[in-house]
Amino acid sequence: MPLAGVDPRPPAIAGLHYFGVVQAILVDRTADWLDFYQSLFGFSVLPEGKYFGILPKGSLLESPCRKFYLQLIEPPPGSEEIRWDEALVRLGLGARDVPAATHALQERGIVFVDHGAVQPSRKGALTQVYLGGVNFELVVSHLKP
């Protein structure tokens, strides 16, 4: 039920829009998942080395409309002791101006990782982990919200 005096369709904060998801997959399952997304949804694999955001690894797929991306990540070498499940682990939100979006969200209490190689930049920013082990990544985007 709409609230009186509240815009039912407020503008997105700092122009944020859905950009993609990151999926953790098991060792040696990349080919299976690539086939799944290519056959069922028509996604295409981007060339190796083409990434968005601040965590460039795994395989990146682009939707047929070229507005949504999937990143598939296998466990890193040497992580045999870590429990690794296949799951969606991160939601990517696109922004034309990542520093402005980061600032706007920080003003609303969102905490961003700010240490080591993972620091907010023009290319992207990563939130702390929230309920269920999911975090959000801001990604510089050419798309309009």
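For the structure, see preceding data.
Report follows, based on the coordinates.

Reading the values: rules and limits
Residues numbered from 1 in each chain as written. Predicted model: local features only at pLDDT ≥ 70, side-chain atom pairs only at ≥ 80, totals over all residues. Heavy atoms only, no water. Helix = DSSP H or I, 4+ residues; strand = E, 2+ residues; numbered from the N terminus. Buried < 20%, exposed > 50% of the residue type's maximum accessible area, 1.4 Å probe, protein only. Contact = heavy atoms within 4.5 Å. Areas by Shrake-Rupley, 256 points an atom, 1.4 Å probe, with all protein chains shown as cover. Lys, Arg positive; Asp, Glu negative; His and termini not counted. Charge placed at Lys NZ, Arg CZ, Asp CG, Glu CD. Phe/Tyr/Trp six-rings, centres within 6.5 Å; stacked < 30°, edge-to-face > 60°. Pairing = 2+ DSSP bridges. Axes fitted to C-alpha atoms, helices over the stretch in contact; angles between N-to-C directions. 1 Å grid on protein atoms, 1.4 Å probe; cavity = no way out; pocket = protein on both sides within 12 Å on 5 of 7 lines; lining within 4 Å. Points joined across faces, edges and corners; volume = space filled by probe spheres on them. Nonpolar A, V, L, I, M, F, W, Y, C, P; charged D, E, K, R; others polar. Expected span 1.5 Å × (residues − 1).

A separate point is the overall build of the protein. What the protein contains, in helices and strands, is 2 helices and 7 strands. Principal-axis analysis of the C-alpha atoms places the extent of the protein at approximately 50 × 35 × 30 Å. Among the 145 residues that make up the protein, the fraction classed as buried is 37%. Looking at the protein alone, contacts between residues at least 24 apart form 62% of all its contacts between residues at least 6 apart. Total accessible area on the protein is roughly 9,300 Å²; 59% of this is exposed by carbon and sulfur atoms. One finds the centroid of the 13 positive side-chain charges in the protein at a distance of 11 Å from the centroid of its 15 negative side-chain charges.

Below, the discussion takes up the packing of aromatic side chains. Scanning the entire structure with this criterion turns up 10 aromatic pairs. Ring geometry for F36 against F41: centres 6.0 Å apart, planes inclined by 80 degrees, an arrangement best described as edge-to-face. Overall, F36 belongs to the partly exposed group, its relative accessible area being 35%. A relative accessible area of 45% places F41 in the partly exposed class.

The strands making up a sheet associate through hydrogen bonds between their backbones, and the pairing can be parallel or antiparallel. The strand order β2-β3-β4-β1-β5-β7-β6 describes an open sheet built from 7 strands, whose pairing is mixed. With one partner strand each, in any of the chains shown, β2 (44–45) and β6 (124–126) form the two edges of the open sheet. One ladder, built from 7 bridges, connects strand β1 (residues 17–24) with strand β5 (residues 87–95); its direction is antiparallel. Paired with G20 across the bridge in β5 is G92. Lying on the sheet, helix α2 (residues 98–106) is in contact with β5, β6 and β7 (135–140); it crosses β7 at an angle near 145 degrees.

Let us now look at the layout of surface pockets. Approximately 350 Å³ is the volume attributed to the largest pocket. What lines the largest pocket is a set of 17 residues, and nearest its centre among them are A24, K57, W84, V89 and R90. Among the secondary structure elements, those contributing two or more residues to the lining of the largest pocket are β1 and β5. Top contributing element to the lining of the largest pocket by residue count: β5, with 3 residues. Across the lining of the largest pocket, the residue classes tally to 10 nonpolar, 3 polar and 4 charged. Taken as a whole, the second largest pocket spans an internal volume of roughly 180 Å³. As for the second largest pocket, its lining consists of A12, I13, L16, L93, L105, I110, T127, Y130, F136 and L138. Residue classes in the lining of the second largest pocket are distributed as 9 nonpolar, 1 polar and no charged.

So, on to helix α1 (residues 30–41). The end-to-end C-alpha distance of α1, which contains 12 residues, comes to 16 Å, matching closely the 16 Å that a straight helix rising 1.5 Å per residue would cover. Contacts made by the buried residues of α1 are with β1, β2, β3 (59–62) and β4 (69–73).

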